[in-house]
Amino acid sequence: MKNVPNGILLALIAYASYSGSDAVIKSLGGQFTVFEIGFFSTLFAGCFLFFSRPANERWRDFWRAKRPWAVQARAWAGIASGVLSVYAFTTIPLAETYALIFLAPLCVTILSTVILKEKVGPWRWLAVVAGFAGVMLVVRPGFRELHLGHLAAFTIAFLAATNVILMRSLAQQEKRTTMLGVLIGYGLLFNGIGAAATSFTVPDGKQLAWLVMAGAFTACGQLLQLLAAKYAPANRIAPTHYSQIVWAVILGALFFREYPDWLSLVGLAVVGGSGLLTMVREEVRLGTVRWNPFSRARL
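This report concerns the structure included in the present document. Residue positions are given per chain, counting from 1 as you read along its sequence in written order. Only residues with pLDDT of at least 70 are given local features in this predicted model, and only at 80 or more are side-chain atom pairs given and counted; all residues enter the totals for whole chains, interfaces and linings. Each side-chain value is derived from all of the structure's non-hydrogen atoms; neither hydrogens nor water enter the calculation.

**Quick word on the packing of helix α2 (residues 34-49) against helix α9 (residues 205-231)**
Here is step 1 of the chain: Orientation of α2 relative to α9, taken along the N-to-C sense of each, is 50°, at an axis distance of 7 Å. Accordingly, the angle class assigned to the pair α2 and α9 is oblique. As α2 runs across α9, the sense of the crossing is right-handed. Contact residues: Ile 37, Phe 40, Ser 41, Phe 44, Ala 45, Phe 48 and Leu 49 in α2; Leu 208, Leu 211, Val 212, Ala 214, Gly 215, Ala 216, Thr 218, Ala 219, Gln 222 and Leu 223 in α9.
Here is step 2 of the chain: Residue type decides the class: Asp, Glu, Lys and Arg count as charged, Ala, Val, Leu, Ile, Met, Phe, Trp, Tyr, Cys and Pro as nonpolar, and the leftover types, Gly among them, as polar. For the contact of α2 with α9, the class distribution of residues is 13 nonpolar, four polar and no charged. The convention used is that axes are lines fitted to C-alpha atoms, helices contributing only their stretch in contact, and that angles between N-to-C directions extend from 0 to 180 degrees. By the criteria applied, helices consist of DSSP H or I runs no shorter than four residues and strands consist of E runs no shorter than two, each listed in order from the N terminus. Working definition: roughly parallel below 35 degrees, roughly antiparallel above 145 degrees, roughly perpendicular at 65 to 115 degrees, and oblique for all remaining angles. Put simply, a crossing is left-handed when the front helix is turned counterclockwise from the back one by less than a right angle, and right-handed when it is turned clockwise. Between two residues, a contact is recorded if the distance between any of their heavy atoms is within 4.5 Å.

**Concerning the packing of aromatic side chains**
Here is step 1 of the chain: Within 6.5 Å between ring centres, the rings of Phe, Tyr and Trp (the latter by its six-membered ring) count as paired, and their orientation is classed by plane angle as stacked under 30 degrees, edge-to-face over 60, tilted in between. All chains considered together, the criterion is met by 14 aromatic pairs.
Here is step 2 of the chain: Seen in terms of ring centroids, Trp 76 and Phe 190 are 6.0 Å apart; in terms of plane orientation they differ by 85°. Their pairing is edge-to-face. Pair noted here: Trp 76 is in helix α3 (residues 68-91) and Phe 190 is in helix α8 (residues 176-197), with a separation of 114 residues, a long-range link.
Here is step 3 of the chain: The exposure class of Trp 76 is partly exposed, given its relative accessible area of 39%.
Here is step 4 of the chain: For the ring pair Phe 89 and Tyr 98, a centre distance of 5.5 Å and an interplane angle of 65° mean the geometry is edge-to-face.
Here is step 5 of the chain: Here's how the labels work: a residue is buried when its accessible area is under 20% of the maximum for its type, exposed when over 50%, partly exposed in between, all with a 1.4 Å probe on protein chains only. Relative accessible area serves as the criterion here: at 1%, Phe 89 is assigned to the buried category.
Here is step 6 of the chain: A relative accessible area of 1% means that Tyr 98 is categorised as buried.
Here is step 7 of the chain: By the criterion adopted, a ring carries a charge over it if an Arg CZ or a Lys NZ lies within 6 Å of its centre and within 35 degrees of its normal. The residue whose ring lies beneath Lys 26 is Phe 256, and the NZ or CZ to ring-centre distance is 5.4 Å.

**Things to note about α2**
Here is step 1 of the chain: One fewer than the residue count of a helix, multiplied by 1.5 Å, yields its expected span. With 16 residues, α2 should reach 22 Å at 1.5 Å per residue; the first-to-last C-alpha distance of 22 Å fits that figure.
Here is step 2 of the chain: Inspection of α2 places Glu 36, Ile 37, Gly 38, Phe 40, Ser 41, Thr 42, Phe 44, Ala 45, Gly 46 and Leu 49 among the buried residues, and these make up the whole buried set.
Here is step 3 of the chain: Residues of α2 that are buried make contact with α1 (4-27), α3, α8 and α9.

If you want it as structure tokens, here you go:
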């Protein structure tokens, strides 16, 4: 029997944990390369997630996939998203990063028409336009200096949307150990090669503790998200994703002296509202939410 309030609470804690990981990664910017941060955060998250496999699955069989090319495509989208996430979080304010990443549900709408040939009604197109308008209020190109971090965050939104499109067809066919195992394996390989080829810095005890914390926050978010899904249906817990907007403002102000002005706050609210509208319209169209528009691969 589902306990919706418990599921919502667990989802809120999960996204708070994800935000904690993002803040820790941001604090490590300038101390390590993007690849080294990605390698260690993936390594430690994988260590914690190793103990989360379902009872009927085995990690040694993670490579046995029914649709290997689709699984690998999702993994590479997740790897690219992870590298770009580290770069974005360490170069631009948290609130601006989240505003751009939260375009992902709107990008799903666009990709659905192109790839899946789905019909999109006027309300969902209105949500797309409103979402982009909200981002413009936050980022304000032409009035503020744009950085490569903004482009990285915008690219993450499309990669997350690609991940959703792939997950629609893989969720009912592939094991959790397969989806996570391939992503972790490729993430360690890619980031490890990148770290070795650039400038590898051996972390001291304090830095290592922060890297472990980043991995622990990520793993905790993953596990709590899975538990939340057991207690509440997806359409009830999906909106909790936008609690990260609040955490972006709080953590940015407390630890990084990032204080969004009122226009940015309005823009963040518009982005959140447009994403929620997209989700609601999808629920109406499908009769029930069979996909999670917020599943950014986070390893």
